[in-house]
Protein chains: 2
Amino acid sequence: MTRPFGFDVAPWSIGTTGVDASAIGHRESVFALSNGHVGWRGGLDEGHPSGIPGSYLGGVFEEHPMPYAEDGYGYPSVGQSVLNVPSGQVIRLLVDDEPFDVRNGTLTRHEQRLDLRGGTLHREVAWTSPAGPSVRIASTRLVSLEHRSVAAVRYAVESVDAPIAVTIQSEIVGTVPQPTSHPDPRVQEALDRALEPLGGFVLGSAATLVHRTRQSGLGMAVSMDHVVSSTAAAPPEASTEASDDLARTLVRVRLEPGERLELVKLVGHAWSGSLSVEALRDRAEGAVADALHDGWDALVAAQRARLDDFWACADVQVEGDARLQQAVRFALFHVFQASARLELRSVPGKGLTGAGYEGHTFWDFEAFVLPVLTSTAPQAAEQALRWRHATLHHARDRARTLGFAGAAFAWRTIDGRESSGYWPASTAALHINADIAAAVLHHVRATGDEAFERDVGLEMLVETARLWMSVGRWDAEGGFHIDGVTGPDEYSAIVDDNAFTNLMARRNLEGAAAAARRHPDVARAMGVDDEHIAAWALAARAMHVPFDAARRVHQSFAGSTEHARWDFEATGPDRYPLHDHFPYLDLYRKQVVKQADLVLALHFAHESFTLDEKVRAFRYQEELTVRDSSLSAAAQAVIAAEVGQLDLAADYLAEAATLDLDDLHDNTDEGLHIASLAGLWTALTAGFGGMRESDAGVRFAPRLPPQLTRLAFGIRLHGRTLRVEVGLDATIYELGEGPPLTIRHFDDEVVLQQGRTTMPVPPLPDAGVRPTQPLGRAPRSFDAALGRHA
Amino acid sequence: MTRPFGFDVAPWSIGTTGVDASAIGHRESVFALSNGHVGWRGGLDEGHPSGIPGSYLGGVFEEHPMPYAEDGYGYPSVGQSVLNVPSGQVIRLLVDDEPFDVRNGTLTRHEQRLDLRGGTLHREVAWTSPAGPSVRIASTRLVSLEHRSVAAVRYAVESVDAPIAVTIQSEIVGTVPQPTSHPDPRVQEALDRALEPLGGFVLGSAATLVHRTRQSGLGMAVSMDHVVSSTAAAPPEASTEASDDLARTLVRVRLEPGERLELVKLVGHAWSGSLSVEALRDRAEGAVADALHDGWDALVAAQRARLDDFWACADVQVEGDARLQQAVRFALFHVFQASARLELRSVPGKGLTGAGYEGHTFWDFEAFVLPVLTSTAPQAAEQALRWRHATLHHARDRARTLGFAGAAFAWRTIDGRESSGYWPASTAALHINADIAAAVLHHVRATGDEAFERDVGLEMLVETARLWMSVGRWDAEGGFHIDGVTGPDEYSAIVDDNAFTNLMARRNLEGAAAAARRHPDVARAMGVDDEHIAAWALAARAMHVPFDAARRVHQSFAGSTEHARWDFEATGPDRYPLHDHFPYLDLYRKQVVKQADLVLALHFAHESFTLDEKVRAFRYQEELTVRDSSLSAAAQAVIAAEVGQLDLAADYLAEAATLDLDDLHDNTDEGLHIASLAGLWTALTAGFGGMRESDAGVRFAPRLPPQLTRLAFGIRLHGRTLRVEVGLDATIYELGEGPPLTIRHFDDEVVLQQGRTTMPVPPLPDAGVRPTQPLGRAPRSFDAALGRHA
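Residues take numbers from 1 onward in each chain, read along the sequence in its written order. Just so you know, chain letters begin at A and ligand numbers begin at 1, following the order they were written in. Restriction of local features to residues with pLDDT of at least 70 applies here, the model being predicted, together with a cutoff of 80 or more for giving and counting side-chain atom pairs; totals for whole chains, interfaces and linings are based on all residues.

### Quick look at the overall build of chain A
Going along the chain from the N terminus, every DSSP run of H or I of four or more residues is numbered as a helix, and every run of E of two or more is numbered as a strand. When its secondary structure is counted, chain A shows 20 helices and 34 strands. Structurally, chain A occupies a C-alpha span of about 90 × 60 × 55 Å along its principal axes. Residues are called buried when their C-beta atom has 20 or more other C-beta atoms within 10 Å, exposed when it has 12 or fewer, and partly exposed otherwise; all C-beta atoms are positioned from the backbone. In chain A, which comprises 790 residues, the proportion classed as buried is 59%. Placing a C-beta atom from the backbone of each residue, one calls two residues in contact when those atoms lie within 7 Å. Restricting to contacts in chain A with at least 6 residues of sequence separation, those with at least 24 account for 69%.

### Observations regarding the interface of chain B and chain A
Counting residues at the interface gives 42 residues for chain B, matched by 43 residues for chain A. A total of 4 residues in the side of chain B that touches chain A trace back to one element, the largest contributor, which is helix α14 (residues 584–588) of chain B. When its residues are assigned to classes, the side of chain B that touches chain A shows 19 nonpolar, 11 polar and 12 charged. Residue polarity is assigned by list, with Asp, Glu, Lys and Arg as charged and Ala, Val, Leu, Ile, Met, Phe, Trp, Tyr, Cys and Pro as nonpolar; anything else, Gly included, falls into the polar class.

### Thoughts on helix α3 (residues 277–294) of chain B
Residue and element names in this part refer to chain B. Expected span of a helix: the number of residues minus one, times 1.5 Å. With 18 residues, α3 should cover 26 Å at 1.5 Å per step; its first-to-last C-alpha distance of 26 Å lies within 8% of that length. Those residues of α3 lying buried are Leu280, Arg281, Arg283, Ala284, Glu285, Ala287, Val288, Ala291 and Leu292. The inward-facing, buried residues of α3 abut β12 (150–159), β14 (195–203), β15 (206–213), β16 (219–230), β19 (260–272) and α4 (296–314). Positive backbone phi, approximately 90°, marks glycine 295, located one or two places after α3.

### Focus on the UniProt feature "domain: Glycoside hydrolase family 65 central catalytic" (unreviewed entry) in chain A
UniProt positions are given in the numbering used here, feature names are shortened, and annotations may be inferred rather than shown by experiment. Here the UniProt feature "domain: Glycoside hydrolase family 65 central catalytic" (unreviewed entry) sits at residues 329–682 of chain A. The distance separating the terminal C-alpha atoms of residues 329–682 of chain A is 13 Å; by composition the span is 52% helix and 3% strand.

### Brief notes about the relation of the copies chain B and chain A
Least-squares fitting of one copy onto the other uses the C-alpha atoms of those residues that reach a pLDDT of at least 70 in both copies. For the pair chain B and chain A, the best superposition has an RMSD of 0.0 Å and corresponds to a rotation of 180° with a translation of 0.0 Å parallel to the axis. When the rotation and shift are considered jointly, the pair of chain copies conforms to a two-fold rotation axis. Most of the interface of chain B is mirrored in chain A, where 100% of its interface residues are also at the interface.

### Topic: the domain arrangement of chain A
All names here are of chain A. For the domain bounds, the source is a domain assignment made automatically or taken from a database. According to the domain assignment, chain A consists of domain 1 (13–63 + 77–291), domain 2 (301–390 + 632–764) and domain 3 (423–438 + 451–626). Computed from C-alpha coordinates alone, the two centres of domain 2 and domain 3 are separated by 23 Å. No other element matches the 6 residues that helix α17 (residues 632–642) contributes to the side of domain 2 that touches domain 3. In terms of residue class, the side of domain 2 that touches domain 3 is built from 8 nonpolar, 4 polar and 6 charged.

### Some details on the confidence of the model for chain A
The predictor attaches a confidence to each residue, and that confidence, scored 0 to 100, is pLDDT. When pLDDT is averaged across chain A, the result is 96; 99% of the residues are at 70 or more. The ipTM for the predicted assembly is 0.93, set against a pTM of 0.95.

### Considering the packing of helix α18 (residues 646–658) of chain A against helix α19 (residues 674–688) of chain A
Residue and element names in this part refer to chain A. Axis definition: a line fitted to C-alpha atoms, over the contacting stretch in the case of helices. Angles run 0 to 180 degrees between N-to-C directions. At a closest axis distance of 8 Å, the pairing of α18 and α19 adopts a crossing angle of 155°. On the basis of their axis angle, the class for α18 and α19 is roughly antiparallel. Taken as a pair, α18 and α19 cross one another with a handedness that is left-handed. On α19, the residues that touch Ala649, Tyr652, Leu653, Ala656 and Ala657 of α18 are Ser676, Gly679, Leu680, Ala683, Leu684 and Gly687. Any angle from 65 to 115 degrees is called roughly perpendicular, while one under 35 is roughly parallel, one over 145 is roughly antiparallel, and all others are oblique. Left-handed describes a crossing whose near helix is turned anticlockwise from the far helix through less than a right angle; right-handed describes the clockwise counterpart.

### Thoughts on the sheet that holds β15 of chain B
Residues and elements named next belong to chain B. Note on pairing: DSSP must find at least two bridges between two strands before they are called paired. With respect to topology, 9 strands assemble into an open sheet ordered β1-β9-β10-β11-β12-β19-β16-β15-β14, the strand pairing being antiparallel. Every other strand in the sheet has two partners, leaving β1 (13–17) and β14 as the edge strands with one partner each. Here the strands of the sheet are splayed against their neighbours by 15° on average, with no regard to which way each runs. Two strands pair when backbone bridges link them, and strand β11 (residues 134–143) and β12 are joined in this way by 9 bridges, in the antiparallel orientation. In the strand pairing of β12, arginine 141 is matched with valine 153. Running over the sheet, α3 touches β12, β14, β15, β16 and β19 and is turned about 30° from β16.

### Here we look at the pairing of strand β29 (residues 710–717) of chain B
All names here are of chain B. The pairing of strand β20 (residues 317–319) with β29 spans 3 bridges and is antiparallel. From the neighbouring strand, valine 318 faces β29, where its bridge partner is leucine 711. Bridge count for β29 against strand β30 (residues 720–726) is 7 bridges, and the pairing is antiparallel. If you follow glycine 714 over to β30, its bridge partner there is arginine 723. The antiparallel hairpin formed by β29 and β30 contains 2 residues in its connecting segment, where histidine 718 sits at a positive phi of about 50°.

### Digging into the pairing of β14 of chain B
All names here are of chain B. Across 8 bridges, β14 lies against β15 in antiparallel orientation. Paired with leucine 195 across the two strands is threonine 213, which belongs to β15. The turn linking β14 back onto β15 is made up of 2 residues, and glycine 204 within it adopts a positive phi angle of 60°.

### As for the UniProt feature "domain: Glycoside hydrolase family 65 C-terminal" (unreviewed entry) in chain A
Within this structure's numbering, the places UniProt gives as "domain: Glycoside hydrolase family 65 C-terminal" (unreviewed entry) are residues 691–752 of chain A. Span residues 691–752 of chain A is 0% helix and 61% strand, its end C-alpha atoms 16 Å apart.

### As for unusual backbone geometry
Residue and element names in this part refer to chain A. The residue after tyrosine 576, namely proline 577, is reached through a cis peptide bond having omega -5°. Mapping proline 577 onto the fold places it in the loop between β25 (564–565) and α14 (584–588). Of note in the backbone geometry, tyrosine 357 takes a positive phi value of approximately 55° without being a glycine. Position of tyrosine 357 among the secondary structure elements: in the loop between α5 (322–339) and α6 (363–376).

### Concerning the sheet that holds strand β32 (residues 741–745) of chain A
All names here are of chain A. Reading across the sheet, the 4 strands line up as β27-β28-β32-β33 and stay open at both edges, with mixed pairing between neighbours. A single partner strand is all that each edge strand has here, and the edge strands are β27 (692–694) and β33 (748–752). The average undirected angle you get between the axes of adjacent strands in this sheet is 30°. As paired strands, β32 and β33 are joined by 5 bridges and run antiparallel to one another. Each residue of the ladder has a partner; that of threonine 742, found in β33, is valine 751.

### Points about the packing of α17 of chain A against α18 of chain A
Residue and element names in this part refer to chain A. One way to put it is that α17 packs onto α18 with a least axis distance of 8 Å and a crossing angle of 160°. Between α17 and α18, the angle falls in the class roughly antiparallel. Judged by the sense of rotation from one axis to the other, the crossing of α17 with α18 is left-handed. Where α17 abuts α18, its residues Ala633, Ala634, Gln636, Ala637, Ala640 and Ala641 lie against Leu646, Leu648, Ala649, Tyr652, Leu653, Glu655 and Ala656. Here the residues of the contact of α17 with α18 sort into 11 nonpolar, 1 polar and 1 charged.

### Some thoughts on helix α13 (residues 530–542) of chain B
Residue and element names in this part refer to chain B. For α13, with 13 residues, the first-to-last C-alpha span of 18 Å sits near the 18 Å given by 1.5 Å per residue. Three or more residues of α13 are buried, namely Ile533, Trp536, Ala539 and Ala540. The buried residues of α13 occupy an angular sector of 130° when the element is viewed end-on, so they sit on one face. In α13, the exposed positions that point more than 90 degrees away from the buried face belong to Asp530, Glu531, Ala534 and Arg541. In the core, the buried residues of α13 are packed alongside α10 (450–471), β22 (480–481) and α11 (499–518). The directions considered for the arc run from the helix axis to the C-beta atoms.

### Some points on the environment of leucine 585 of chain B
With respect to the element layout, leucine 585 of chain B can be found in helix α14. In this structure the C-alpha to C-alpha distance between leucine 585 of chain B and alanine 564 of chain B, which are 21 residues apart in sequence, comes to 13 Å. In this structure, leucine 585 of chain B is in contact with Leu402, Trp423, Thr427, Ala428 and Gly484 of chain A, ignoring residues within four places of it in sequence.

Written out as structure tokens, the structure reads:
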């Protein structure tokens, strides 16, 4: 079966043949390489044709004024936008003066393949120039997981049938077009001219460009050097020049048929808000020199070793559909490389695969991505949490501005300062603070890292607990309420007692109280006394969760079930996503759900609902949820599986698996949806694995949908690896080296010893008829989405 | 007692002496002249020193892009800002080459006086030039109520003690500075260069400048001509020149001591979106020629005649405080001149006295100003309603955009298109549509103008009724609800069942049903059938009004009484207005009221509450209401009076009376608060007069506060004049020519005959203790505010 975007199906790679001009931006995202510090979109080496070319450095952004039609107190005055930094990707080829361009001449072969185990992007080209001669080109690109500042390309060209003169122009391009990331044309104009060139330098065969952002004042250096080799009789000639905005190494050689020129290009990056031009240059050139010393083969080997280590625990095996298997590994690869070498930087919603959402980080990182990282790459997770911790001073300032105690973390940001321009859907979404706290709690539970809890986690827990105490109110009956906030669902806002927010705040308060009790000395030093702890525990217990007694169903927020239902029958398929065709005024006042909100609470606060309550709430929410957000399908899959709707869960799983690969939201060219990719892991582990974690430990309730015959995944727990292999009738738990581990398998407590333990899967209770979705908004079937690849 | 702004106290005028540099912008607003079509701020003739100089033409604005940090569906893309048009105000004087400037030389006399009966602004100056000679200057300015496009100045200068050479430069200044009206500096920049000069022309002694706005494409011409006379031996020499941006008439004469030069300057205005330069020029010059033909004395006499006619009915007499008497007439004068010669234009929130609020018209015009006009100047009221009617096509478009049926009128606009940039406090405030409908209903009831109802009113009632039917929802018990809207109070937003909105919508639906029944043929032609009418009536009856059964008090909106109370004790006086110091996020989620909302409903929907319910609701709301809006005090005065809190009502009355004169909100320099001025009339008539209107007719329940000994006011009813004179023990009703009129006096039905009818005032029942306001937010006492002028 032909896929919409023509990717092949393979277990450990994803590849495509030919060049499709209409899909080029999409492929740049899919083939993007990153290590969380440096990100290169997967564009063609020669730079043209291109979709949205991009090279990013984690944390590099430009500031811009925030335009408001009507200003308000506390509105952020400074916005932040990720920048396309000077690019070291470009390697242009001329064959007898004819520039290699896939649009000219004859392209007899064009393959791109992302190697998910090797961490490399491969390209194989066979091209006949309009002037006659044919060449073979092979390039391999990587963004090093070992050398954090380094990207590298091995580029080889071979003459096929004629003697040719080959010229290669390998460049750092300083004047890169900035992505269109802001709706205000005047803001965009400022972003387009954000980079001020500070100099181009050549030293031997190395060249460096140094720039600075005009407003945010961030200096950056991009440096390159090359290793050139050839099988030709006459050695290649190479020369390097640099101006302020362009560095170019020129390599010339004459090749007879069968002879080959190979170029290894090493690109180093450095940036800082304080370093001098010279220091920046030294850092970037130093990174290149280090990598040069190791050599290409060592870079590739280190890349593979890092990924082997990751996959050893993280790999998820699914049997029943080969394309799903590929999609899962594709997702995990991108989640990993988005955060592998963070080191106190944020992970944007698109990772470093594109400039969508202005390169901002949102709540979904902590809520969707961090659980995956904590379970599979805990060091990366720790770095991300330490980044949030490093923004605490901004969060405290923001809380003061908002009139709250404690800390209020930024809803969207790059450096920790709030950069959102529509407060009802950002500042009001205070749940982000509890989401961060939950990530801290999960991380401590999963790693057992008491030092992290004491030195980093506790302060975040305490400051967010203080926030909730100042945000909430007590009623006359002793209930605790949180008024006037916005939950995850963006089709409602400024509501009272959002169930997700309240339940996450409860967990936040409980977790802060427990952590403060575990570290009384540190807590006391933060001004936390027993009374505070008692108050947090009391508020957590008293937290109100809205329930519609007449309809016997939980409400997303107080009164939500009373509102008019959206008229789905009158809403044609061309009117989705709804926010592009209807005003918030209309969306907010009606029952229509953009994305899992109460359903997310059913997962994250699973202990607060009975199974029957989950069944009823899920069915109710399904009738209202249109999935206009990429964050929804995976969350729905988790609860669909829990309530026994395995077929529906499989359909949602398939949607999450194909969202970026099939560009279901028609915006993957702006970057991959990292949280949605992470959600695929969650749909499998928490959905069909039935994995839930709590203070009491980890519980599994694994059940495969009819479409799968086997599911295996691994998590790290206190340094050990637990692999879970779910079959049709039994689940095998395989515990790595270390002491025994107590888990729950359905309702049984099981003490796992090192090695394998097999447990039977109980029969599936009757789950009732399949819940219905709004007209036209049911997910594609698993088979239709994935194509049933054996 | 010295007033903060040094105005004297007089029954029919308001004057000041001296020049106070810090108060100059304030005085420009207080002394502004307008007829609803042309507006001149009360700046000094010579143009300097100035505060915020301004000349406006009703309906002339520039368009600008609306900047959004995050865009949303249905957000207006085009904004509108009132412009400072080319100014014909300037008359500069040179005495022996020394320019007259109040800051130089010696000012032995400087008086400005606004004559509220004459409709003229007088100025008397005695000045000794730094070079020695002394002059007396007298100017009188008017914006003609008779010649709609004309403003005029009589300017006289007299030598006191020496022979002098006098030069007068009388100008039209084309390059006028635009007011700072937009928070986005880039928008402001576009506004600053909005006027494109199209030519300056001289014909005989007349001169004309023509300009066009660059974006909105409105052409405008300002023309002037002069009549010069002198008692000097040698006749004055006069010459006129014009360039693109300046027209100047130069008059030179030599005056011996006691000799006098007099200049009558006539300024004509024309504007249009379609006329040619020539046609615009012809219109402006024609207006000047007409006025010239009438002559100065006729202009002044016509001005007085128009005002005599207005005051005959509209005058409100209060005894007990002379400054209150002055303030009431000042208020009525400005309300009248803001709308006297509208002719299908809107009345901005500041009238034509300043550029505040970008010159936009809001709901408060229909809710606060129109009731006064309908009762005292019904022709002006009709013009304003016909303007709204003329914007119905925009309102229908807007309703479609919002997903509603019928029409949704603009929350803020100049030409009828929505220009608001923060939808939760604008688009969501759908009550404006019911406010407009209420103004229609009142106008028809008060005038008995059936033709207006049939031709204009019915369509507005029908279209707004259709809006409410599509906005509301039915509950399972047959109640009708309006979710997710914003009421008058700007410290809450996007709430369910705002009581004010629901009650006004009820009135809208009832009124539409009744009007459709009265004009069945016209209604049918609009597609209204009996079923629609029945549905409107049913929804009106079923309208939900939220009530807190536990606290036995009405809620502003569903659940409002549950929210946390604002911490008034922790809010120092320097933190008001709250919206300048706290985010909406915090304000919206707590019980704190910026301005009368439920309390306004107690007045406007007076039949929907028992007296006891009013007492309880008022007391509850008083504890929360901070009056950060100029619209609040008068509304609170009305209900305070109704619930028997006469002393508190008097304090609120005094606040409304001094808001602009004493610049209580520190922004009167941007223009007068026309709706607040109108509220003063309402506070007296509906407050101490106890006047309420309904389908059943007019009711009075007059009761004077201890501070007043007499209150007399008049209203027009079906073309007749009813004057009401409230004394300490009795009320005298005096009905003008016409058939008998049935009113209610307290609980008695009284059939008034032409002439006087005296009714006793029943004793005041015990009203309980005085309600309390938030800490520090109690109104100043009547005596402290007004200074107890006998």
